Amino acid sequence: FYVSLLPDSHVGRIFRAPGDNPSGKEGAALVVEFTLAGRSYAGLNGGPNFKPNESVSFQILTEDQEATDRLWNAIVGNGGQESMCGWCK
């Protein structure tokens, strides 16, 4: 979703679970390498016990209020939520 919103973004390699993985189904994504706005990240599948939350944040600098509004509306309008202090999740 975020890759579709931000320039210089893409999903890279996906490392999948082998058949003998005790913590999940074969073929489930375990690690995903991705780039958002030119910065590289790796997302780890924490399973059902460790879901994504506000402990990880992405700060995106925009050119103007119109660009900020476009991102905000896309995130909040796609199941996201407004949060305190001008953040959205």
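The paragraphs below set out a description of the structure included in this document.

**A word on the pairing of strand β2 (residues 29-36)**
As a general feature of sheets, a regular strand has side chains that alternate between the two faces.
Phase 1 of the analysis: Where strand β1 (residues 10-16) lies against β2, 5 bridges are found, and the strand directions are antiparallel. When the bridges of β2 are listed, His10 appears paired with Thr35.
Phase 2 of the analysis: Strand direction decides the pairing type here: β2 and strand β3 (residues 39-44), joined by 6 bridges, are antiparallel. The residue of β3 that forms the bridge with Val32 is Gly43.
Phase 3 of the analysis: Count of turn residues in the β2/β3 antiparallel hairpin: 2 residues, of which Ala37 carries a positive phi of about 50°.

**Description of the sheet that holds β2**
Phase 1 of the analysis: Overall, antiparallel pairing links the 3 strands, which are arranged β1-β2-β3 in an open sheet. Two strands in the sheet have a free side with no partner beyond their single neighbour: β1 and β3. The sheet shows a mean angle of 15° between the axes of neighbouring strands, taken without regard to direction.

**Here's the deal with the side chain of Thr35**
Phase 1 of the analysis: In this fold, Thr35 is placed in strand β2.
Phase 2 of the analysis: Other than its neighbours up to four places away in sequence, Thr35 contacts Val3, Asp8, Ser9, His10 and Ser40.

**Points about the nonpolar core**
Phase 1 of the analysis: With 6 residues, the main nonpolar core is built from Leu5, Leu6, Phe34, Leu36, Leu71 and Ile75.
Phase 2 of the analysis: At the level of secondary structure, the elements contributing two or more residues to this core comprise β2 and α2 (65-76).
Phase 3 of the analysis: The residues contacting Leu5, other than those within four sequence positions of it, are Arg70, Leu71, Ala74 and Ile75.

**Quick notes on the environment of Ser83**
Phase 1 of the analysis: Inspection of the secondary structure puts Ser83 in the segment after α2.
Phase 2 of the analysis: Taking relative accessible area as the criterion, Ser83 reaches 32% and is therefore assigned partly exposed.
Phase 3 of the analysis: The spacing of Ser83 and Gly27 is 56 residues in sequence and 35 Å in space, taken between C-alpha atoms.

**Examining the layout of surface pockets**
To find leftover empty space, one rolls a probe the size of a water molecule over the atoms.
Phase 1 of the analysis: Within this model, the largest pocket holds a volume of roughly 1500 Å³.
Phase 2 of the analysis: Per-element accounting of the lining of the largest pocket gives the leading share, 6 residues, to β2.
Phase 3 of the analysis: Tallied by class, residues from the lining of the largest pocket come to 26 nonpolar, 12 polar and 3 charged.
Phase 4 of the analysis: In this structure, the second largest pocket encloses a volume near 170 Å³.
Phase 5 of the analysis: Leu6, Pro7, Leu36, Ala37, Arg39, Tyr41, Ser57, Phe58, Gln59, Ile60 and Leu61 are the residues that line the second largest pocket.
Phase 6 of the analysis: By residue class, the composition of the lining of the second largest pocket is 8 nonpolar, 2 polar and 1 charged.

What counts as what
- Residues numbered from 1 in each chain as written.
- Predicted model: local features only at pLDDT ≥ 70, side-chain atom pairs only at ≥ 80, totals over all residues.
- Heavy atoms only, no water.
- Pairing = 2+ DSSP bridges.
- Helix = DSSP H or I, 4+ residues; strand = E, 2+ residues; numbered from the N terminus.
- Axes fitted to C-alpha atoms, helices over the stretch in contact; angles between N-to-C directions.
- Contact = heavy atoms within 4.5 Å.
- Core = buried A, V, L, I, M, F, W, Y, C linked by side-chain atoms within 4.5 Å.
- Buried < 20%, exposed > 50% of the residue type's maximum accessible area, 1.4 Å probe, protein only.
- 1 Å grid on protein atoms, 1.4 Å probe; cavity = no way out; pocket = protein on both sides within 12 Å on 5 of 7 lines; lining within 4 Å.
- Points joined across faces, edges and corners; volume = space filled by probe spheres on them.
- Nonpolar A, V, L, I, M, F, W, Y, C, P; charged D, E, K, R; others polar.

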